[in-house]
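# Overview (structure and organization)
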Amino acid sequence: MSLVLDSAAQDLLFREARTANSFTDEPVTEEQVQAIYDLVKYGPTAFNQTPLRITLVRSPEARERLVRHLAEGNQAKTAAAPLVAILSADNEFHDELPALLPHFPQAKDMFFAERPVREQSALLNAALQAAYFIVGVRAAGLAAGPMTGADLAGIQKEFLDADHTPLMVVNIGKPGEDAWFPRSPRLAFDEVVTTV
């Protein structure tokens, strides 16, 4: 075996992990979410930037407001999920760079003074962090149901501000009955990897 991670952990995080489409009613606690974030915050990003923002949608009123912005096929499962998170990119992440990159505080103004540059960097690095977040949810023994089938501009107006770009909505919880669609194929190693 070429991997250090044991087989059970590989299965939990990757091979057996799936996008859940139904959940039990077991709640997802603040402590679980805190543990997930405390694990995944160490994932690498450019300049150690941390543009990902997580908005937890817990109240029934907020859930109702969110569901209206989702594609029809995503509405029922989101209404029933124990916890829903809106993941977004903070386009003003550069304000934190002097604290996050203390050996190179001038990076804030040297590389990220212009808004279009920040938006591009925030989008890429928050997407990386969103992937870490999904793996972290799996590491907590929960299932994640990430979705981009939504009116993201509507979600931004409803829950965020002009400085935050929504990336996706993630349903979180213990998988319920018939939670999984059949596993879709993946590309083989030789179809993806090229050596030059």
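Report on the accompanying structure. (Residues numbered from 1 in each chain as written. Predicted model: local features only at pLDDT ≥ 70, side-chain atom pairs only at ≥ 80, totals over all residues. Heavy atoms only, no water.)

## As for the packing of helix α1 (residues 7-15) against helix α7 (residues 115-139)
Here α1 crosses α7 at 130°, and the two axes come no closer than 9 Å. Judged by the angle between their axes, α1 and α7 are oblique. Crossing of α1 over α7 shows right-handed handedness. From α1, Leu12, Leu13 and Phe14 reach across to α7, where they touch Val135, Arg138 and Ala139. Among the residues forming the contact of α1 with α7, the class breakdown is 5 nonpolar, no polar and 1 charged. (Axes fitted to C-alpha atoms, helices over the stretch in contact; angles between N-to-C directions. Helix = DSSP H or I, 4+ residues; strand = E, 2+ residues; numbered from the N terminus. Parallel < 35°, antiparallel > 145°, perpendicular 65-115°, else oblique. Left-handed = near helix turned anticlockwise from the far one by under 90°. Contact = heavy atoms within 4.5 Å. Nonpolar A, V, L, I, M, F, W, Y, C, P; charged D, E, K, R; others polar.)

## Observations concerning the sheet that holds strand β3 (residues 143-147)
Taken together, 4 strands build an open sheet; the order of strands is β1-β2-β4-β3 and the sheet is antiparallel. Looking at which strands have only one partner, the edges of the open sheet turn out to be β1 (52-57) and β3. For this sheet, the mean inter-axis angle between neighbouring strands, taken without regard to orientation, is 30°. In terms of strand pairing, β3 meets strand β4 (residues 164-173) through 5 bridges, oriented antiparallel. Bridge pairing in β4 links proline 146 to valine 170. Its contacts with the sheet place helix α4 (residues 72-80) against β2 (83-90), β3 and β4, and it is angled at close to 145° to β3. (Pairing = 2+ DSSP bridges.)

## Focus on the environment of serine 121
Tracing the backbone shows serine 121 in helix α7. Using a relative accessible area of 14% as the deciding quantity, one classes serine 121 as buried. A sequence separation of 76 residues divides serine 121 from threonine 45, and the C-alpha atoms of the two residues are 9.7 Å apart. Dropping the residues within four chain positions of it, serine 121 is found in contact with Gln49, Phe93 and Phe112. (Buried < 20%, exposed > 50% of the residue type's maximum accessible area, 1.4 Å probe, protein only.)

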